[in-house]
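The residues making up each chain are set out below.
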Amino acid sequence: MTTGRDVVFTFSYETYADAEARGMMRPPDRILQTLLNADEVAGLLVANPYRSIPSVLRAGFSPETGPRFAASKRGALITPARMRRADPTKLGAIVGEYRRYDSVLKRRSEQLGLRVPVIVTANPLVAAFCPFAWASSVLYFGRDDWLSSTSRQEYWPAYQMAYRQIRESEVAVAAVSQQIIDRIRPLGPSMVVPNGVSPAEWLAPLPPEPEWLAALPKPRAVYAGTIDQRLDTDAVAALAHSRPDMHFILLGPSPDPDYVSQLRELANVHVHGGVGRDELVATLRNCQLSLLAHRRTALTEAMSPLKIYEYLAAGLPVVSIDLPPVRGINDRVLVAPTAAGMGPLIDRALEIGPMSEGERRDFVSEHSWESRHRVILDLLMRSPLLHRSEVFRR
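Before going into details, it helps to say that this report is about the structure given with it. (Residues numbered from 1 in each chain as written. Predicted model: local features only at pLDDT ≥ 70, side-chain atom pairs only at ≥ 80, totals over all residues. Heavy atoms only, no water.)

1. Describing the pairing of strand β7 (residues 137-142)
Turning to step 1, where the next piece is worked out: Burial of β7 is extensive: 6 of the 6 residues sit out of reach of the surface.
Turning to step 2, where the next piece is worked out: Residues Ser137, Leu139 and Phe141 of β7 are buried on one face, and the alternating residues Val138, Tyr140 and Gly142, pointing to the opposite face, are buried as well.
Turning to step 3, where the next piece is worked out: As paired elements, strand β6 (residues 118-121) and β7 share 4 bridges and run parallel to each other. Considered in β7, the bridge of threonine 121 is made with tyrosine 140.
Turning to step 4, where the next piece is worked out: Remark: the β6/helix α5 (residues 124-129)/β7 crossover connection has right-handed handedness.
Turning to step 5, where the next piece is worked out: The pairing of β7 with strand β8 (residues 172-175) spans 4 bridges and is parallel. Bridged to tyrosine 140 within β8 is valine 173.
Turning to step 6, where the next piece is worked out: The β-α-β motif built from β7, the intervening helix α6 (residues 156-168) and the parallel element β8 has right-handed crossover chirality. (Buried < 20%, exposed > 50% of the residue type's maximum accessible area, 1.4 Å probe, protein only. Helix = DSSP H or I, 4+ residues; strand = E, 2+ residues; numbered from the N terminus. Pairing = 2+ DSSP bridges. Right-handed = clockwise from strand over helix to strand, strands pointing away.)

Dropping the structure here:
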């Protein structure tokens, strides 16, 4: 294996500061951590998405340079700036914006002395529309199917064009599920890299219960994650009505508090805001059951359920809607055709009970982020790499 390659990493729509604030817990954050710590990586440029010039200046640093990047002595962080924060919606304008983004990254890479770096990006528009003639290759990492994200529906034509460009340019694709790979249909190398867990978080001794959790009777069923349109609130309400003996915990931020208003009225449903990583681990490890009560949509069918890996790292049995990426993870994941049909599986899950400590530790080791990212590093460091097409196809 050739060592010492330079790398440029770009986020999708969030920044390095966002990743730090959430505890570096999402898949792109974890890949960046791997790159920061990998001996195979020589120099590293981390690029935020575009931000508006006024917001960048308010943050106290110059456009196109970014704040001091304390995470790595061998790397740098850049925040490309423009007058408006949001991407335009017209396809021609989007292509132009990302050609300019490419120029900013090229100039900063040259200033850092990076030599024909590998590009790793979580943004399909970057992967598709930045020419990267100065780079050795491009790897697109798909954590979601952006064509299924209703919150970004105005950009669906751009994502369709981006997927086609990624395919025709033979850009390498790593994605959290086979469904994302199938929707892009890449002609270059591709791999499924499911989500994972951090052994440092999950192999410590059993932590004490948070005070708010200790006040709730057992048994407790927990759903952890952003509480948004993915969650089937009607199904959760039905579960709560059918099992008054069980307390259901919804743990995570609620962008729209009204979305769970009906659940707040139920005595055995407890909506708790987002917490830090230590408190999340302590909560999961002190519950008896976990839930993946998602609606079945094109978006959820393409997700690699990070929460299920964390549920299992806590040793919990899981009751889940039957989605393709859920199948085959572990025998303690019990699946129902719909969230509304999950009720009969609760008693079975409680009978199965938690993993033994040995089983739990084995699961954590097998599904660590380090093991997940080994295949990505092997592809990035492969010599010779698949080269970026010399002709940028419009």
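We are not done yet, so read on.
2. Observations concerning the pattern of salt bridges
It is possible for side chains bearing opposite charge to pair when their charged atoms get close.
Turning to step 1, where the next piece is worked out: Taken as a whole, this structure holds 24 salt bridges when the rule is applied.
Turning to step 2, where the next piece is worked out: The partner of arginine 22 in a salt bridge is aspartate 29, and the shortest N-O contact between them spans 2.7 Å. Each member of the pair arginine 22 and aspartate 29 is classed as buried.
Turning to step 3, where the next piece is worked out: Note that arginine 243 is salt-bridged to aspartate 245, the shortest N-O span being 3.1 Å.
Turning to step 4, where the next piece is worked out: A residue is classified by how much of its surface remains accessible, and arginine 243, at 14% relative accessible area, is buried. (Salt bridge = Lys/Arg side-chain N within 4 Å of Asp/Glu carboxyl O.)

3. Quick word on the pairing of strand β10 (residues 220-224)
Turning to step 1, where the next piece is worked out: The element β10 is largely enclosed, with a buried count of 5 among its 5 residues.
Turning to step 2, where the next piece is worked out: Summarising the sheet, β10 and strand β11 (residues 247-251) pair through 5 bridges and their orientation is parallel. When the bridges of β11 are listed, valine 222 appears paired with isoleucine 249.
Turning to step 3, where the next piece is worked out: Regarding the hand of the β-α-β motif, the stretch spanning β10, helix α10 (residues 233-242) and β11 is right-handed.

4. Focus on the environment of proline 344
Turning to step 1, where the next piece is worked out: Within the secondary structure, proline 344 is located in the loop between β15 (333-336) and α15 (345-352).
Turning to step 2, where the next piece is worked out: Sequence separation between proline 344 and cysteine 130 is 214 residues, and the spatial gap between their C-alpha atoms is 50 Å.

5. Focus: the packing of aromatic side chains
Turning to step 1, where the next piece is worked out: Considering all chains together, one arrives at 8 aromatic pairs under this definition.
Turning to step 2, where the next piece is worked out: Summarising the aromatic geometry, the rings of tyrosine 13 and tryptophan 146 are spaced 5.3 Å apart at their centres and angled 75° between planes, so their arrangement reads as edge-to-face. Separated by 133 residues along the polypeptide, tyrosine 13 in the loop between β1 (5-10) and α1 (16-21) and tryptophan 146 in the loop between β7 and α6 bring together distant segments of the chain. Of the two residues examined, tyrosine 13 and tryptophan 146, each falls in the buried class.
Turning to step 3, where the next piece is worked out: Taken together, the ring pairs connect Tyr13, Trp146 and Tyr159 into an aromatic cluster. (Phe/Tyr/Trp six-rings, centres within 6.5 Å; stacked < 30°, edge-to-face > 60°.)

6. Section: α15
Turning to step 1, where the next piece is worked out: Turning to α15, its buried residues number three or more, namely Leu345, Ile346 and Ala349. Around the axis of α15, the buried residues are gathered within 100° of arc, so they sit on the same side.
Turning to step 2, where the next piece is worked out: Two residues or fewer past α15, glycine 353 is found with a positive phi of approximately 75°. (Arc of directions from axis to C-beta.)

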